[in-house]
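Spelled out from the first residue to the last, the chains are:
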Amino acid sequence: SGVDAQISGTITIAAPAGGGAPELFFSEYVEGTSNNKALEIFNPTAAAVDLSAYTVRLYNNGAATPNTSLVLSGTLAPGATLVIVNASASAPLLARANLTSGVTNFNGDDAVVLEKSGVVVDVIGQVGFDPGTQWSANGVATLDRTIRRKSAIVRGDTVASDAFDPSLEWDVFATDDFTGLGLR
């Protein structure tokens, strides 16, 4: 009559590369002349995001612990950006700010981390490592430059301690180029 078969084993299902739900990430970094420094955070989700769970941390000169932190507040609309600018920046850059903070007191060799409830959701640089004067690879550098996330990048780098090659996810622009800031 009929045949019964039994199969046993383990099935492993892996999440897609870069998987997980969309999350806020850094979309622009300005390291310009003097105090012209800014960070842009982008909300790629279809919903407003409560910013109170997010903190931006600055790690100066290869530090393993943050030198400055900024706990965010408010709500970020879907597809919107939040622009954080150094309070001593030039008037044209300050005009693009949603808020000012000392967390933008970085130079081209400092790491900046975006965390949600203490978990890294994005990083520019490498925490605990000082590259010298800048992060640089294949013509993309962070000293005296503006870098913008490539449009194909839809999520942040969630590993704060891995090597940082800005050419993989960022396009480079001239010093004090603010033309894309706030527009992701």
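As a reminder, the structure under discussion sits directly above these lines.
Summary of the structure given here. (Residues numbered from 1 in each chain as written. Predicted model: local features only at pLDDT ≥ 70, side-chain atom pairs only at ≥ 80, totals over all residues. Heavy atoms only, no water.)

Let us now look at the sheet that holds strand 2 (residues 37-42). The pairing of strands in a sheet comes from backbone hydrogen bonds and takes either a parallel or an antiparallel form. Taken in spatial order, the six strands of this open sheet run 8-7-2-1-13-14, and their pairing is mixed. Whereas interior strands pair on both sides, the edge strands pair on one side only; in this sheet they are strand 8 (99-100) and strand 14 (170-173). Of the strand pairs in this sheet, strand 7 (residues 81-85) and strand 8 are connected by two bridges, and their pairing is parallel. Its bridge partner being in strand 8, Val 85 is matched across the sheet by Thr 100. (Pairing = 2+ DSSP bridges. Helix = DSSP H or I, 4+ residues; strand = E, 2+ residues; numbered from the N terminus.)

Taken as a whole and judged by the stated rule, the model has four aromatic pairs. Here the aromatic rings of Phe 129 and Trp 135 are separated by 6.1 Å at their centres, their planes lie at 40°, and the arrangement is tilted. Trp 135 sits in the buried class, given a relative accessible area of 3%. These aromatic residues form a ring-pair network of at least three members: Phe 129, Trp 135 and Phe 164. Positioned above the aromatic ring of Phe 173 is the side chain of Arg 148, whose terminal nitrogen or guanidinium carbon lies 3.9 Å from the ring centre. (Phe/Tyr/Trp six-rings, centres within 6.5 Å; stacked < 30°, edge-to-face > 60°. Buried < 20%, exposed > 50% of the residue type's maximum accessible area, 1.4 Å probe, protein only. Lys NZ or Arg CZ within 6 Å of the ring centre and 35° of its normal.)

Sheet architecture is open: four strands sit in the order 5-4-9-10, paired in antiparallel fashion. Strand pairing shows two members of the sheet lacking a second neighbour, strand 5 (68-71) and strand 10 (119-124), which therefore form its edges. Ignoring which end each strand starts from, the neighbouring axes of this sheet average 20° apart. For strand 9 (residues 111-116) and strand 10, the ladder comprises five bridges, and the chain directions are antiparallel. Looking at the pairing, Val 113 lines up with Val 123 of strand 10. (Axes fitted to C-alpha atoms, helices over the stretch in contact; angles between N-to-C directions.)

Counting through the fold element by element, Glu 115 comes out in strand 9. Polar side-chain contacts of Glu 115 include one of 2.9 Å to the side chain of Arg 57. If we skip the residues at most four places from it in the chain, Glu 115 touches Ala 53, Tyr 54, Thr 55, Arg 57, Tyr 59, Val 120 and Val 121. (Polar contact = N/O pair within 3.5 Å; in protein donor to acceptor, adjacent residues only side chain to side chain. Contact = heavy atoms within 4.5 Å.)

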